[in-house]
Each structure stands twice: as C-alpha cells, then as structure tokens.
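Chain by chain, the residues run as shown.
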Amino acid sequence: MKKTLILLFSILYFSSSIIANPFNKNLSSKERAKLEKGEVLIRNLDSIKELCINETPQTKRIISAMKELKPKYVAEVIQIRPYKGNEDLQDKMNSVLINISDYVGIPYFSERTQKFHELYSYAEIKNATIEGQKTTIYADMEMSLFGRFDTQIDIEETPDYYFYLMKNLDKLRYHDKFTAIGPENMQSCINLFRDGDNWVLYAIGGVDTFKIFFLEDRVETSFINRIKTFCNFIFEKI
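So, here is what we can say about the structure in this document. Here the structure is a predicted model, which is why all the values come from computation and not from measurement. (Residues numbered from 1 in each chain as written. Predicted model: local features only at pLDDT ≥ 70, side-chain atom pairs only at ≥ 80, totals over all residues. Heavy atoms only, no water.)

## With respect to empty space enclosed by the protein
- The final tally for this structure, using the stated rule, is one cavity of 30 Å³ or more.
- Empty space within the largest cavity amounts to approximately 110 Å³.
- Along its surface, the largest cavity is lined by 15 residues, and Tyr120, Met143, Met166, Met186 and Ser188 are the ones closest to its centre.
- Elements represented by at least two residues in the lining of the largest cavity include exactly strand S7 (147-157), strand S8 (161-168), strand S11 (186-195) and helix H5 (216-237).
- It is H5 that provides the largest number of residues to the lining of the largest cavity, a total of four residues.
- Residues that form the lining of the largest cavity fall into these classes: nine nonpolar, four polar and two charged. (1 Å grid on protein atoms, 1.4 Å probe; cavity = no way out; pocket = protein on both sides within 12 Å on 5 of 7 lines; lining within 4 Å. Points joined across faces, edges and corners; volume = space filled by probe spheres on them. Helix = DSSP H or I, 4+ residues; strand = E, 2+ residues; numbered from the N terminus. Nonpolar A, V, L, I, M, F, W, Y, C, P; charged D, E, K, R; others polar.)

## A word on the sheet that holds S11
- Taken together, eight strands build an open sheet; the order of strands is S1-S2-S12-S11-S8-S7-S6-S5 and the sheet is antiparallel. Where the open sheet ends on each side, the last strands, each with one partner, are strand S1 (41-45) and strand S5 (122-131). Averaged over neighbouring strand pairs, the angle between their axes works out to 15° when direction is ignored.
- Sheet topology places S1 next to strand S2 (residues 73-82); five bridges connect them, and they run antiparallel. The residue bridging arginine 43 from the neighbouring strand is glutamate 76, located in S2.
- Sheet contacts for helix H2 (residues 29-36): S1 and S2; angle to S1, the most-contacted strand, approximately 150°.
- Of the strands in this sheet, S2, S7, S8, S11 and strand S12 (198-207) touch helix H4 (residues 89-97), which is tilted by about 15° from S8. (Pairing = 2+ DSSP bridges. Axes fitted to C-alpha atoms, helices over the stretch in contact; angles between N-to-C directions. Contact = heavy atoms within 4.5 Å.)

## Details of the layout of surface pockets
- Considering only enclosed or pocket space, the second largest pocket measures out at about 200 Å³ in volume.
- In terms of lining, the second largest pocket is formed by Arg61, Ser64, Ala65, Glu68, Leu69, Phe163, Leu165, Lys167, Glu184, Asn185, Gln187 and Asp208.
- When contributions to the lining of the second largest pocket are tallied by element, the ones reaching two or more residues are helix H3 (60-69) and S8.
- The element contributing the most residues to the lining of the second largest pocket is H3, with five residues.
- Along the lines of polarity and charge, the residues of the lining of the second largest pocket split into four nonpolar, three polar and five charged.

## Regarding the packing of aromatic side chains
- Here the structure, examined in full by the defined rule, presents six aromatic pairs.
- With a centroid separation of 6.3 Å and an interplanar angle of 35°, the aromatic rings of tyrosine 103 and tyrosine 120 are classed as tilted. Of this pair, tyrosine 103 sits in the loop between H4 and strand S3 (107-110) while tyrosine 120 is found in the loop between strand S4 (115-118) and S5, placing the two residues 17 residues apart along the sequence.
- By way of ring pairs, the aromatic residues Tyr103, Tyr120, Tyr164 and Phe230 are connected into one cluster.
- The ring of tyrosine 122 has arginine 148 sitting right over it, with the charged end atom 3.7 Å from the ring centre.
- The ring of tyrosine 83 carries arginine 194 above its face, with NZ or CZ at 3.6 Å from the centroid. (Phe/Tyr/Trp six-rings, centres within 6.5 Å; stacked < 30°, edge-to-face > 60°. Lys NZ or Arg CZ within 6 Å of the ring centre and 35° of its normal.)

## Here we look at unusual backbone geometry
- Its identity as a non-glycine residue notwithstanding, lysine 70 has a phi of 55°, on the positive side.
- Structurally, lysine 70 can be placed in the loop between H3 and S2.
- At glutamate 184, a residue that is not glycine, the phi angle is positive and equals roughly 65°.
- Along the chain, glutamate 184 turns up in the loop between strand S10 (178-181) and S11.

## Details of the nonpolar core
- Core analysis: the largest hydrophobic core is formed by 45 residues, its most contacted members being Leu97, Tyr103, Tyr120, Tyr164, Ile190 and Phe230.
- Apart from the residues lying within four places of it in its own chain, the contact partners of tyrosine 103 are Val96, Leu97, Tyr120, Ala123, Met141, Ile153, Tyr164, Met166 and Phe230. (Core = buried A, V, L, I, M, F, W, Y, C linked by side-chain atoms within 4.5 Å. Buried < 20%, exposed > 50% of the residue type's maximum accessible area, 1.4 Å probe, protein only.)

## Thoughts on H4
- Along H4, the residues classified as buried are Leu89, Gln90, Met93, Asn94, Val96 and Leu97. Buried residues of H4, viewed axially, fall in a sector of 165°; they line one side. (Arc of directions from axis to C-beta.)

## Description of the environment of alanine 123
- Counting through the fold element by element, alanine 123 comes out in strand S5.
- When the C-alpha positions of alanine 123 and aspartate 140 are compared, they lie 5.6 Å apart, and in sequence the two are 17 residues distant.
- Leave out the neighbours within four places in its chain, and alanine 123 touches Ile100, Ser101, Tyr103, Val104, Asp140 and Met141.

As structure tokens, this is what we get:
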C-alpha cells in the first residue's frame, strides 16, 4: 500500500510539473489551466513583483532586464507548446524576429478609436553585428502617434534558450507635443526555452514613464496594448 501511494504521488507530481517548474505562485490555477490547453495567456501586472516566472539560467536575462527597467506598466504574454513536432521552433522564432521589415503592417486595435491601425508603419535595419551567439540590430521604426525613432534589438541564442530584447533609443513624443517615453524606457522581451517535454514561450513588455493623471489610462492602454500586440503576433507567426 505504501509503495502504491508513493508511486501515485510520483505520477501526480511529475505530471503536474510539466508546466509547474518554470512558474511560481503568482500563476493562478485558472491561468495554469489556460496554459495547459495551449492557449496564449496575457497578464497585466501592477509591478514586476507579480511576474509568474521563476529565475533560472534560461530566464535570468529577461528578468534582469525588467528589474533594471523598473517599469511603471508591465505585462506578460505566455504560451506552452509541446517540443515534439516543434523541434525547430527556435529557428522559426529567430527567422521571424530578425526580419524587421515584416514588423510593418502588424494590425493594432486602438481601444480609443475602436479601429485597427498599423503597429509599425516603417521598420528598416540601419546596421547589424554578429559576435558569436549574440546579434545586435539597429533599426529605424515608426509608430503612430509617436513618429520615427531609433531602436536597438539584442538577440542571444544558446542551446538552452533564445533571448530577444527590443528597446527605443530615442524619446517618444506624443503627437510631437511632449515626451511620453524616455530613451530605453519602452522594452519588449521574448524568451524561448525548453522545459521537459515542452517549449515555454515567455514575453514581458515594460514601460517606464511619468504617470500623468489626465493621460494615465490612455498611456497605459496604448503602450501595453502595443507590446501585447507585438508579442502575440510573433507567437501566432511561428
């Protein structure tokens, strides 16, 4: 009887740890169930203290980037996929993310206007360097309401994980009237790593900006929705 109970406990533990291992207590049972179905989970957070991912060698860079940014607004986008049948997922993700010109035309739905717009209306590479496992791309990008700005994209590929970070290098000015975001204060991070029999697609978007009381809801909705739109588009593309 004792051996049977131990065996049963082991089966339950290992079956539940299929997606439990990378995540912490901030992930609710309802959210966990959504991931188990293979659905994309989007979490709006009040603070990076609410991140649901554990810090591991695979996730250390993405968590460190957000801790350094200290965003006022932050969101997570997560999906679990089986490794079997998706062995080339890392290559697919990289091919999508390095094709910067393909960012143009990503459909973005504005809650304020209730219309679809282009997330980026212009995106062209200015320069790119590759050093070992690391790639750095500098690009010009244009976003509605905020105009054109310089962007830096850092990519790192290892046998254990894939890391992508995009950040603005210029100020983002709202209708060219006032600065809404300072340099390097809007960042989108995407992390892909294997966890047992699964791939974990994990993205964080963060914005550090002044909270202007009469524009706070608009700014939060605008930037966080843009980040979620971009990350979700990449997940769907691959």
